[in-house]
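One letter stands for each residue in the lines below.
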Amino acid sequence: MNYWLMKTEPSAFSWEQLVKDGTTTWDGVRNYQARNNLKLMKTGDLAFIYHSVSDKEIVGIAKISKEYFQDPTTPDCNWVAVDLIPIESLTKKIKLSEIKLNPELQNIALLKQSRLSVIPLTKKEYEIIRSLGKY
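Scope of this entry: the structure provided in the associated data block. What you see is a predicted model; the values in this text were computed from it and never measured.

## Some words on the packing of aromatic side chains
Counted according to the given criterion, the structure contains 4 aromatic pairs. Their ring planes at 90° and their centres at 6.5 Å tell us that F13 and W26 sit as a pair that is edge-to-face. In this pair, F13 sits in the loop between β1 (3–8) and α1 (15–21) while W26 sits in strand β2 (residues 24–26), placing the two residues 13 residues apart along the sequence. Centroid distance F48 to Y126: 4.7 Å. Interplanar angle 25°. Geometry classified as stacked.

In structure tokens:
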């Protein structure tokens, strides 16, 4: 199993909308590194959903329900999408400031490549972040 962090602007698409809809196609990614990360996702992988720009916090956990396919928002075959479903709303939202303070998380792409929208995490990073959301 792989672990991910997927960023979204809540004004465009929020965790609450994913929960309400029960599923979504994660499309519109136009960065090659993020696209390559989408291609690495497997059905059953877990992903934190991170509200970027305004909230700057992890709000929930989703599961990849369909591996990559042609992004339906463009005819350009270079771009892909995945489907995901909500798994769990976090009891305690995890602020970016809290992640920055954790010495074991200093090398994650969220801090090193802040504009990257689809970020891989190691199992250890996932577990550390997950523990921050349980209060």
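Picking up where we left off.
## Quick word on the pairing of strand β4 (residues 57–70)
As defined by bridge partners, strand β3 (residues 46–51) adjoins β4 across 6 bridges and the pair is classed as antiparallel. The partner of A47 across the bridge, within β4, is A62. Counting the residues between successive antiparallel strands, the hairpin from β3 to β4 contains 5 residues, one of them, V53, with a positive phi of roughly 65°. As defined by bridge partners, β4 adjoins strand β5 (residues 80–95) across 10 bridges and the pair is classed as antiparallel. Along β5, the bridge assignment pairs E57 with K95.

## Thoughts on the sheet that holds β4
Taken together, 6 strands build an open sheet; the order of strands is β2-β5-β4-β3-β1-β6 and the sheet is mixed. Sheet topology places β2 and β6 (118–121) at the edges, where each strand pairs with a single neighbour. Ignoring which end each strand starts from, the neighbouring axes of this sheet average 40° apart. The strands touched by helix α2 (residues 32–40) are β1, β2, β4, β5 and β6; relative to β6, the strand with the most contacts, the crossing angle is about 55°.

## As for the environment of P120
Tracing the sequence through the fold places P120 in strand β6. The class of P120 is partly exposed, set by a relative accessible area of 38%. The sequence separation of P120 and L110 amounts to 10 residues, and the corresponding C-alpha distance is 9.3 Å. Aside from chain neighbours lying at most four places away, what touches P120 is Y3, W4, N37 and E125.

## Comments concerning the pairing of β1
Judged by how many residues are buried, β1 sits mostly within the fold: 6 of 6 residues are covered. Neither face of β1 is exposed, since Y3, L5 and K7 on one face and W4, M6 and T8 on the opposite face are all buried. By the bridge criterion, 6 bridges tie β1 to β3 in an arrangement that is parallel. Bridge pairing in β3 places W4 opposite A47.

## Observations concerning the environment of V29
Examined against the element boundaries, V29 turns out to sit in the loop between β2 and α2. Expressed as a C-alpha distance, the spacing of V29 and V118, which sit 89 residues apart in the sequence, is 8.6 Å. The contacts of V29, once residues within four sequence positions are left out, are A34, R35, L38, D71, W79, S117 and V118.

## A short note on the pattern of salt bridges
The full count for this structure, using the stated rule, is 6 salt bridges. Salt-bridge contacts for E88 lead to R130; the nearest nitrogen and oxygen are separated by 2.5 Å. Placement of the pair is E88 in strand β5 and R130 in helix α5 (residues 123–132), with a sequence separation of 42 residues. By relative accessible area, which is 29% here, E88 ends up partly exposed. The buried category is assigned to R130, whose relative accessible area is 13%. In this structure, the salt-bridge partner of E127 is K123, at a minimum N-O distance of 4.0 Å. Of this pair, E127 and K123 are both found in helix α5, 4 residues apart, which corresponds to roughly one turn of the helix.

Definitions and limits used
- Residues numbered from 1 in each chain as written.
- Predicted model: local features only at pLDDT ≥ 70, side-chain atom pairs only at ≥ 80, totals over all residues.
- Heavy atoms only, no water.
- Phe/Tyr/Trp six-rings, centres within 6.5 Å; stacked < 30°, edge-to-face > 60°.
- Helix = DSSP H or I, 4+ residues; strand = E, 2+ residues; numbered from the N terminus.
- Pairing = 2+ DSSP bridges.
- Axes fitted to C-alpha atoms, helices over the stretch in contact; angles between N-to-C directions.
- Contact = heavy atoms within 4.5 Å.
- Buried < 20%, exposed > 50% of the residue type's maximum accessible area, 1.4 Å probe, protein only.
- Salt bridge = Lys/Arg side-chain N within 4 Å of Asp/Glu carboxyl O.

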